[in-house]
Amino acid sequence: MATVACVCVGAAPADATGTGTEPVVSRGVTIPAFYTPPAQLPTANGALMRHEPLPLGISLPGLDGRSLPGKATRLMYKSTDSSGRAVAVTGAYIEPSAQWTGDGPRPLVAVASGTMGQGDQCAPSFALQHPLTISGETLSVAYDNLAIYRLLATGAAVVVTDYVGLGATDRLHTYVNRLDEGHAVLDAVRAARALPGTSLTAGSRVGLYGYSEGGGATASAAELQPTYAPDVQLAGTYAGAPPADLTATMKGIDGSALVSALGWSINGFVQSYPDLRALLDAKLNDAGRKALADTSTMCVGDAILRYGFTRSTAWTTSGTSIADIIAAEPRAQAVLDDQHIGTLKPVGPVRVATGIHDDIVPHRQARQLAVDWCRKGGNVTYEAVDLPNLGDRILTNHLAPLITDQGAAISWLTDRLKGERAASNCWTMPFQP
């Protein structure tokens, strides 16, 4: 197995936007020109705008001459953001070498990656080519590639979305924006269907897979499908550790190893809701403004090394936490409230998994999502991942369920892709932690 790492050395300042003539460099990493969107976008959501071969950084030669796990293609497609504006989104499609042995034609799984960061060099499609990206300024590890490869091993095709602004160089990534992310997931399915030369058919079942940020994205997509993408029928959705309540999640990450996610959230929402800029800027001190600008081009690795365990009270003029500042500002709190997942009934069977000691994406709010969906009559399989407490605020309680539950999650989703029915366990909710 050959691992290809992108080790890019340089001290040039990161450039968040592309001009179309000069290459974009983000923290010493040159972003391929493919990721710079054209000036004009198509009308249809999911319209495939461009595609090119994507070399996988980890692959093996197959006995039949086809490389394992499959053949990858980089994509750019059109979506719609939370403001109703057209936006270009990048991603990747992988045609697996493994045969699909289940009922019906080869299915498709749309993978929504967990938190990668906000710099374009952190994009999941870029991480498929460069599983380890290191420069003097950035560190990105493609931890979700494991789930992608396991899904491919089942014989299912996989399409990965980079979300709005992660990869595409014309804007910032709108981190945990449920509309942007849910739309990007559903439109990735449409783009994969439009890609020529695949084994997908009109009868290919569709599943969604995501954990953490990705769990919120797939959960949102399952809610938005009837109104946004009625042509995308969902056989099953896995939403692991979904940040359904951003107010609770914001409190969970403050002072943790992943405190930079506060910066990514604020940066994204200020871009989507410009009227918040003056409000929040007045509350931030110089250190806070510097941290938001700095995190806007960071990946998870460098963000943890630079800002891990900082408390947001160090970023505000009053010494009040950002969560408390937002709670006291009706307009800011209304934006977070509008991001709440669980107000709509999800389409098809859904599996919600959450570690009972998860303090980064808090367990209680993820469990509440399952309760909310059950009350709306959803077909919900709820899984409380019961592991020992592995340490507060250091990510272990959040990451351990990602690994320990992954096999069960993929098995559950594969059964849905085979056409097997899922039995809801909503009746057990009063007895589950």
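Given the structure is predicted, the values throughout are model-derived calculations rather than measurements.

A separate point is the packing of aromatic side chains. For the coordinates displayed, the defined rule picks out 5 aromatic pairs. With a centroid separation of 4.9 Å and an interplanar angle of 40 degrees, the aromatic rings of Tyr 209 and Tyr 238 are classed as tilted. Here Tyr 209 is found in strand S14 (residues 206–211), whereas its partner Tyr 238 is found in strand S15 (residues 236–240), with 29 residues between them in sequence. With respect to burial, Tyr 209 and Tyr 238 carry one shared label: buried.

A few words on the state of the cysteines. Here, disulfide denotes a covalent bond that connects the sulfur atoms of two cysteines. Evaluated as defined, the whole model comprises 2 disulfides. Here Cys 122 engages in a disulfide with Cys 299; their sulfurs sit 2.1 Å apart. Taking the sign of the S-S torsion, about -100 degrees here, the bridge from Cys 122 to Cys 299 comes out left-handed. Here Cys 122 is found in the loop between strand S10 (108–112) and helix H1 (124–129), whereas its partner Cys 299 is found in the loop between helix H8 (286–295) and helix H9 (300–307), with 177 residues between them in sequence. Of the two residues, Cys 122 and Cys 299, both sit in the buried class. Here Cys 374 is linked by a disulfide to Cys 426, with a sulfur-sulfur distance of 2.0 Å. Around the S-S axis, the bridge from Cys 374 to Cys 426 shows a dihedral of about -85 degrees and counts as left-handed. Taken together, the residues Cys 374 in helix H12 (residues 363–375) and Cys 426 in the segment after helix H14 (406–417) connect sequence positions 52 residues apart. Neither residue differs from the other here; Cys 374 and Cys 426 are each classed as buried.

Conventions and cut-offs
- Residues numbered from 1 in each chain as written.
- Predicted model: local features only at pLDDT ≥ 70, side-chain atom pairs only at ≥ 80, totals over all residues.
- Heavy atoms only, no water.
- Phe/Tyr/Trp six-rings, centres within 6.5 Å; stacked < 30°, edge-to-face > 60°.
- Helix = DSSP H or I, 4+ residues; strand = E, 2+ residues; numbered from the N terminus.
- Buried < 20%, exposed > 50% of the residue type's maximum accessible area, 1.4 Å probe, protein only.
- Disulfide = S-S within 2.5 Å.

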